[in-house]
Amino acid sequence: MRGDPVSAPSFPDPQPTAPPVSPLDPAWLAQMANAMFGALPAAPGPAYDPRDALAAPAVAVTYPTVRPAMPEPPAASSTPQFYFVDAAVPPPGDRTGAHPAFDVHAVRRDFPTLQERINGHPVAWLDNAATTHKPQAVIDRLAQFYAHENSNIHRAAHALAGRATDAYEGARETVRRFINAPAVEEVVFVRGATEAINLVAKSWGVRHVGKDDEIVVSHLEHHANIVPWQQLAAATGARLRVIPVDDSGQLRLDEFARLLNRRTKLVAVTQVSNALGTVAPVAQIAAMARRAGARVLVDAAQSVSHMRVDVQALDADFLVFSGHKVFAPTGIGVLWGKREVLEDMPPWQGGGNMIADVTFEHTEFQGIPNRFEAGTGNIADAAGLGAALDYVNRIGIENIALHEHALLDYGMRELGAIRGVRLIGTAQDKASVMSFVLAGYETFEVGAALDRQGIAVRTGHHCAQPILHRFGLEATVRPSLAFYNTRDEIDRLVRVVRDLAARRRSA
Ligand code: PLP
């Protein structure tokens, strides 16, 4: 027997014999192209100037490279300054929106990995949905922590404990500002989105989900937002129900409305699909779920790096994301939850840091967020996450969204024009991801051909098998964008795919 599979009563996949995806709607393409580029020149077009595509403000200023000099260590102090960001922490990010124009070439210089050569070519990193590269500011922040601040946190009278605690709690406050959470105590540090979802399933879920209750997810979900709910359903006798998608990969809200009922306890949906790039209308979904009396979890793993995520505007109950997908280190992520919801949840792990008092007879737990952070946390990488979010703030998430949207529109148009390419995920509202298959090739063959030219994309099922099955597939080639990508990199990608397609036709 293979492994220990969880079998939970679940409704069959919606639309199991779905028709193949319809080709990219030319009317929509024309509309998007006009919106982003104005009238497009016939190929081959003029050299790419991102400012053309981005409708830059009247005065274009080069964005300064974000690479602060390593600050001096803070002056020795006999009094730890818990919970106050001291001079060792980079200044907080700017949320005012007053940003200089975006210069992709200047920004790229902040990322050492983007200067690498692969197989003799400059690396073109189009695997951002898997993980992102780190700006020098984040790398420096980690080095600074270990050189000048390293200590365990919270419970010591010495100065380094104070610095480390300031670094960790300062990062928590940076996260709070980044997602516009009402209170810093609502931000729980975890390893990543996967751990955050498991925490909710194993703490909130065990307390609030019972036999015959229903948990609604969407057909777009990453396995991280399916399997923990299946496990919960198997343990409690609850059912998993699935919001279907249309042929473009957008969620069917009419079907969602039909799924909601008084047994629905939780709706857990992704904001951006990692396999298709669909941007789901999560605010609308949250409002509908709330009217049915259900709690809402938003998986923001693929959205935080591409668009403004505001937990108060979404009005969900939980939101999760991973640091490494937003230019921060691996091993650090965030669970945000509404105060009253978190306060009603039992701890899911026991140990140090999460307790107020322990005897052999009884343990008193800390309040939120510490009650969910048993043991020594990932202190340095939390500081790295703070630095990454500061960096994103300095560039401006709106600048990022504009630049990426122009690239996505261009890439979809160019890839979609290649004979033999079938684009998977053509919803009008999309971010970052350009999944496709190429007739006559296995996806790994396309990935290998791209790698030979220094172009990194993911091939496979992207930990989202149900949505690929929905389109009759086991795998796609998935280029995915971040703000440091260029039109030139997309041209390199398209050239390889076009060559492969032509070779197969002439074979
Ligand atoms: N949710 C989505 C939409 C994802 O794309 C991913 C990772 O690709 C995850 C959750 C899981 O993230 P992690 O592996 O960082 O925990």
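None of these values were measured; they are calculated from a predicted model.

K.L.:
Tell me about the sheet that holds strand S8 (residues 295–299), and please be specific about residues and values.
P.N.:
Strand order across the open sheet formed by seven strands is S4-S10-S9-S8-S7-S5-S6, with mixed pairing between neighbours. For this open sheet the edge positions go to strand S4 (187–190) and strand S6 (239–243), each flanked by a neighbour on one side alone. Sheet twist, expressed as the average angle between the axes of neighbouring strands with direction ignored, equals 20°. Both strand S5 (residues 214–218) and S6 contribute to a ladder of five bridges, which runs parallel. Bridge assignment links Glu-214 to a residue of S6, and that residue is Arg-239. Together, S4, strand S7 (264–270), S8, strand S9 (318–322) and strand S10 (333–337) form the strand contacts of helix H6 (residues 193–208), whose direction differs from that of S9 by roughly 155°.

K.L.:
Describe the nonpolar core, listing the residues and the values that go with them.
P.N.:
Grouped together as the largest cluster of nonpolar side chains are 84 residues, with contacts concentrated most on Phe-256, Phe-321, Leu-385 and Phe-483. It is helix H12 (residues 379–395) that provides the largest number of residues to this core, a total of eleven residues. Residues Ile-197, Ala-238, Ala-268 and Ile-368 belong to the second largest nonpolar core, which totals 32 residues.

K.L.:
So, the pattern of salt bridges: which residues are in play, and what are the values?
P.N.:
As a working rule, side chains carrying opposite charge can pair if their charged atoms are close by. Within the structure shown, the criterion is met by 30 salt bridges. Residue Glu-185 pairs with Arg-339 through a salt bridge whose shortest N-O separation is 3.1 Å. In this pair, Glu-185 is assigned in the loop between helix H5 (159–179) and S4 and Arg-339 in helix H11 (residues 339–343), connecting sequence segments 154 residues apart. Given the relative accessible area of 32%, Arg-339 is considered partly exposed. Arg-263 is paired through a salt bridge with Glu-214; the nearest N and O atoms lie 3.3 Å apart. Taken together, the residues Arg-263 in the loop between helix H8 (253–259) and S7 and Glu-214 in strand S5 connect sequence positions 49 residues apart. Since its relative accessible area comes to 30%, Arg-263 is described here as partly exposed. Each of Lys-211, Asp-212, Glu-214, Arg-239, Arg-241 and Arg-263 takes part in a single network of salt bridges with overlapping partners.

K.L.:
I'd like a description of the packing of H6 against helix H7 (residues 227–236), backed by residues and values.
P.N.:
The N-to-C vectors of H6 and H7 enclose an angle of 25°; their axes lie 9 Å apart at closest approach. Classified by the angle their axes make, H6 and H7 are roughly parallel. The hand of the H6/H7 crossing is right-handed. Facing H6, whose interface residues are Ile-197, Asn-198, Val-200, Ala-201, Lys-202, Gly-205 and Val-206, H7 presents Pro-228, Trp-229, Gln-231 and Leu-232. Its residues assigned to classes, the contact of H6 with H7 shows seven nonpolar, three polar and one charged.

K.L.:
Got a sec to walk through the pairing of strand S11 (residues 355–358)? Specific residues and values, please.
P.N.:
The side chains of a regular strand alternate, first on one face of the sheet and then on the other. By the bridge criterion, three bridges tie S11 to strand S12 (residues 363–365) in an arrangement that is antiparallel. Directly across from Asp-357, in S12, lies its bridge partner Glu-364. Linkage of S11 to S12, two consecutive antiparallel strands, is achieved through a turn of four residues.

K.L.:
Describe the site of the ligand, and please don't skip the residues or the numbers.
P.N.:
Taken together, 13 residues lie near the ligand, and Thr-194, Asp-299, Gln-302, Ser-322 and Lys-325 sit nearest. At 2.5 Å from a nitrogen atom of the ligand is found a side-chain nitrogen or oxygen belonging to Asp-299. Lys-325 places a side-chain nitrogen or oxygen 2.7 Å from an oxygen atom of the ligand. Contact with the protein chains covers 86% of the free accessible surface of the ligand, which is 390 Å². Cavity membership is defined here by more than half of the atoms lying within 2 Å of grid points; on that basis the ligand lies in the largest pocket.

K.L.:
Describe the pairing of S10, listing the residues and the values that go with them.
P.N.:
Across the five residues that make up S10, a large majority, five, are buried. Of the two faces of S10, the one carrying Gly-333, Leu-335 and Gly-337 and the one carrying Val-334 and Trp-336 are both buried. When S4 meets S10, the two strands line up antiparallel, connected through four bridges. The partner of Phe-189 across the bridge, within S10, is Val-334. Here five bridges tie S9 to S10, and the two strands are oriented antiparallel to one another. Each bridged residue has a counterpart across the sheet, and for Val-320 the counterpart in S10 is Leu-335.

Analysis parameters
Residues numbered from 1 in each chain as written. Predicted model: local features only at pLDDT ≥ 70, side-chain atom pairs only at ≥ 80, totals over all residues. Heavy atoms only, no water. Pairing = 2+ DSSP bridges. Helix = DSSP H or I, 4+ residues; strand = E, 2+ residues; numbered from the N terminus. Axes fitted to C-alpha atoms, helices over the stretch in contact; angles between N-to-C directions. Contact = heavy atoms within 4.5 Å. Core = buried A, V, L, I, M, F, W, Y, C linked by side-chain atoms within 4.5 Å. Buried < 20%, exposed > 50% of the residue type's maximum accessible area, 1.4 Å probe, protein only. Salt bridge = Lys/Arg side-chain N within 4 Å of Asp/Glu carboxyl O. Parallel < 35°, antiparallel > 145°, perpendicular 65-115°, else oblique. Left-handed = near helix turned anticlockwise from the far one by under 90°. Nonpolar A, V, L, I, M, F, W, Y, C, P; charged D, E, K, R; others polar. Near = heavy atom within 4 Å. Polar contact = N/O pair within 3.5 Å; in protein donor to acceptor, adjacent residues only side chain to side chain. Areas by Shrake-Rupley, 256 points an atom, 1.4 Å probe, with all protein chains shown as cover. 1 Å grid on protein atoms, 1.4 Å probe; cavity = no way out; pocket = protein on both sides within 12 Å on 5 of 7 lines; lining within 4 Å. Sits in = over half its atoms within 2 Å of the grid points.

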